[in-house]
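Coordinate inspection notes
The lines below spell out each chain.
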Amino acid sequence: MAPRAAARLETLGFTNVYHYKGGKLDWMASGHPTEGENSTRPRAVDVARKDVATCDLKDRLGDVRERARATGLEAAVVVDGQRVVLGLLRAAELAKEPDLKIEQAMRPGPSTFRPYVPIKEMADYMDKHNLDSSPITTSDGKLVGLLLHSDARQHAEGCPDCARPMIYGTV
Amino acid sequence: MATAIDRDRVQELVARDAQLVEVLPAKEYEEDHLPGARSVPLRDINQESAATLDRSRPLIVYCWDLA
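This structure is a prediction, so every number in the text was calculated from the model and none was measured. (Residues numbered from 1 in each chain as written. Chains lettered and ligands numbered in written order. Predicted model: local features only at pLDDT ≥ 70, side-chain atom pairs only at ≥ 80, totals over all residues.)

Re the overall build of chain A
Helices and strands together make up the secondary structure of chain A, namely eight helices and seven strands. Against the compact-globule benchmark of 16 Å for 171 residues, chain A has a radius of gyration of 19 Å, which places it well outside the compact range. Per-residue burial over chain A gives 40% buried out of 171 residues. Counting contacts in chain A only where the partners sit at least 6 residues apart, residues at least 24 apart contribute 61% of the total. (Helix = DSSP H or I, 4+ residues; strand = E, 2+ residues; numbered from the N terminus. Rg over C-alpha atoms; globule rule 2.2 N^0.38 Å. Buried ≥ 20, exposed ≤ 12 C-beta atoms within 10 Å, placed from the backbone. Contact = placed C-beta atoms within 7 Å.)

Digging into the interface of chain A and chain B
At the interface, 35 residues of chain A touch 32 residues of chain B. When residues of the side of chain A that touches chain B are traced back to their parent elements, those giving at least two are α1 (2-11), β1 (17-20) and α2 (23-29) of chain A. Looking at the side of chain A that touches chain B element by element, the count peaks at nine residues for α1 of chain A. Along the lines of polarity and charge, the residues of the side of chain A that touches chain B split into 17 nonpolar, nine polar and nine charged. Bridging between β1 of chain A and strand β4 (residues 59-62) of chain B involves three bridges; their strand directions are parallel. If you follow H19 of chain A over to β4 of chain B, its bridge partner there is V61 of chain B. (Nonpolar A, V, L, I, M, F, W, Y, C, P; charged D, E, K, R; others polar. Pairing = 2+ DSSP bridges.)

Some points on the environment of A7 of chain A
Assignment of secondary structure puts A7 of chain A in helix α1. Along the chain, A7 of chain A and P135 of chain A lie 128 residues apart, while their C-alpha atoms are 40 Å from each other.

Structural notes on the sheet that holds strand β3 (residues 38-39) of chain B
Taken together, five strands build an open sheet; the order of strands is β1(B)-β1(A)-β4(B)-β2(B)-β3(B) and the sheet is parallel. The open sheet has two edge strands with one neighbour each: β1 (3-5) and β3 of chain B.

Description of the domain arrangement of chain A
Here the domain parsing of chain A yields domain 1 (1-32) and domain 2 (37-156). One C-alpha centre belongs to domain 1 of chain A, the other to domain 2 of chain A, and the line joining them spans 35 Å. (Domains from an automatic or database assignment.)

Listed below in structure tokens is the structure:
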């Protein structure tokens, strides 16, 4: 759309025209602020629990379970040394045999979501896909926090649907 | 032909007084837009809307993504 708009403006006599090829998605994915109605409403990043327990593939499940409980959450996120998300431990995984290594117990490759997604869209998506919790990551996969369904639903109260869905393509 | 630019170049040009124009539908602009951007939806680009833009300054247009 932007290249066509640029071309049209050139036909109208503009001679110094550029098109930002990454667009608004690239801008928000890089963490830059926007203006508009959504800037005053909560997004995934605002509601995600930043204190979620994290662990390594080689950790012992029983130890991670204790750390998760200390945060008050029945969940922990498996990350590498750069905090890239590798897996997720929800209540069912945390309840497994305590001597298992995390690598054996985790739910690998969980769907992750970007920080800028409006909380209403997150809550609706989590409803539809029956997700208790979902990792929020940067576009290069680094953990920002864990969004709980209950938190998302609470903060979505009164928020409208948005014209532009932002979750598609999120993996 | 217009030049395709990346985010860093957008910031450089805006710092040098370029105009930012979002060409998505107005409702999407109302929800989220780059700081300082104007809304001129693609279908509304014509002589009249062009007259509201400054021809002496660089003009950066953007939409949602690469499309």
